[in-house]
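# Fold and geometry: a report
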Amino acid sequence: MVNLHTSIGKFQFNNPLMNASGVHCMTAAELDEVAQSPAGTLVTKSGTLEARAGNPEPRYAGLALGSINSMGLPNLGYQYYLDYAVAFQAAHPDQPIFLSIAGTGPADYQQMAEAIQASAFTGLTEFNLSCPNVPGKPQIAYDLDTTARILDDLFKVFKKPAGIKLPPFFDLAQFDAMADLLNRYPLTFINSINSLGNGLAIDPATDTALIRPKGGFGGIGGAYAKPIALANVRAFRERLRPDIAIIGTGGVTSGRDVYELILCGASLVSLGTVLQKEGLPAFARLTGELEAEMTAKGYDAIPDFKGALKTL
Ligand code: RRO
């Protein structure tokens, strides 16, 4: 039997898998189902100051090798998820939980951070700086100055374990610049990557974009994203302070994919499109496949191969 235990900061998990924010985490009922699955932890849908209906439908489509979405941040408001998380940790003191937060502008982050700081929440907060789908609002983390301003303001008030959700980067100079910036802050983790922003998928029968919002543009997830996710996790693991853990997200369809994200340096691995397509049984399937891969490679535990990617 292999041991799937992993940790981030002082938080302990008995399985490295979790849902990706946005999938199976809109309501308390969905969150409860993830908590009761083999997943090691769970994260809420990104909550905003006020509840949002999100973009018009259709706003998600499955694709041959993944998915496209332009949900537009539909959520029940951050207070709903904060209340859920506080109640969850009271009922499950040994099960860490992540709260995800998204602003529609820089000031929102500080306001929600103040509220979470003042609350009884003791888990991990993920500040989503990479939503690609709010019309007229660029992905924040592609703008280093705005990112620095948000983090400066945030950490003046926020003293609890915090991380940020990053978009994919595509140039080594971007990794250098973002890692330099992130290393200045008391981050507990980053989550890399959000979906590949602003892809386009077309229905061949009608020559029409598959989703309605933004002229059909949306975030791409699933197998299409895997090499980019691996590269982002690897690039940040090589550049970030060792005490900043990485949650690897993107492109998982098999246990081998989970293994490879860990090989690149991920401490936890989250499931987006695969969870959307297969539902909760994905956690048991991928756990079994990860165990089989570790056994085949002769590893008993996650620290034995975490970050151990070899290069030529
Ligand atoms: O709700 C969304 O449209 C969404 C968000 Br907030 C995000 O961070 N990533 C994504 O692919 N979709």
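Residues numbered from 1 in each chain as written. Predicted model: local features only at pLDDT ≥ 70, side-chain atom pairs only at ≥ 80, totals over all residues. Heavy atoms only, no water.

Of all hydrophobic cores here, the largest spans 82 residues; its most connected members are Phe127, Ile164, Leu166, Leu182, Ile190, Phe236 and Leu271. For this core, the element with the highest residue contribution is helix α2 (residues 78-91), accounting for 6 residues. Among residues more than four places away in sequence, those in contact with leucine 271 are Leu17, Met18, Asn19, Ala20, Val23, Val252, Ala282, Phe283 and Leu286. Residues Ile8, Phe13, Met18 and Ala245 belong to the second largest nonpolar core, which totals 11 residues. (Core = buried A, V, L, I, M, F, W, Y, C linked by side-chain atoms within 4.5 Å. Buried < 20%, exposed > 50% of the residue type's maximum accessible area, 1.4 Å probe, protein only. Helix = DSSP H or I, 4+ residues; strand = E, 2+ residues; numbered from the N terminus. Contact = heavy atoms within 4.5 Å.)

Strand order in the open sheet formed by 4 strands is β4-β5-β13-β10, and the pairing between neighbours is antiparallel. Looking at the sheet topology across the chains shown, the edges are occupied by β4 (60-63) and β10 (196-200). Within this sheet the neighbouring strands show an average axis-to-axis angle of 40°, counted without direction. Note: β4 against strand β5 (residues 66-69), 4 bridges, orientation antiparallel. (Pairing = 2+ DSSP bridges. Axes fitted to C-alpha atoms, helices over the stretch in contact; angles between N-to-C directions.)

This next bit is on helix α5 (residues 172-182). Those residues of α5 lying buried are Phe175, Met178, Ala179, Leu181 and Leu182. Buried positions in α5, seen along its axis, are confined to an arc of 155° and lie on one side of it. Seen from the buried face of α5, the exposed residues on the opposite side, beyond 90 degrees, are Leu172 and Asp180. On its buried face, α5 is in contact with α4 (144-157), β8 (162-166), β9 (189-192) and α6 (226-239). By the N-cap criterion, in which a side-chain oxygen at the helix start approaches the backbone nitrogen of a residue two or three places on, α5 is capped by aspartate 171, the distance to alanine 173 being 2.9 Å. (Arc of directions from axis to C-beta. Polar contact = N/O pair within 3.5 Å; in protein donor to acceptor, adjacent residues only side chain to side chain.)

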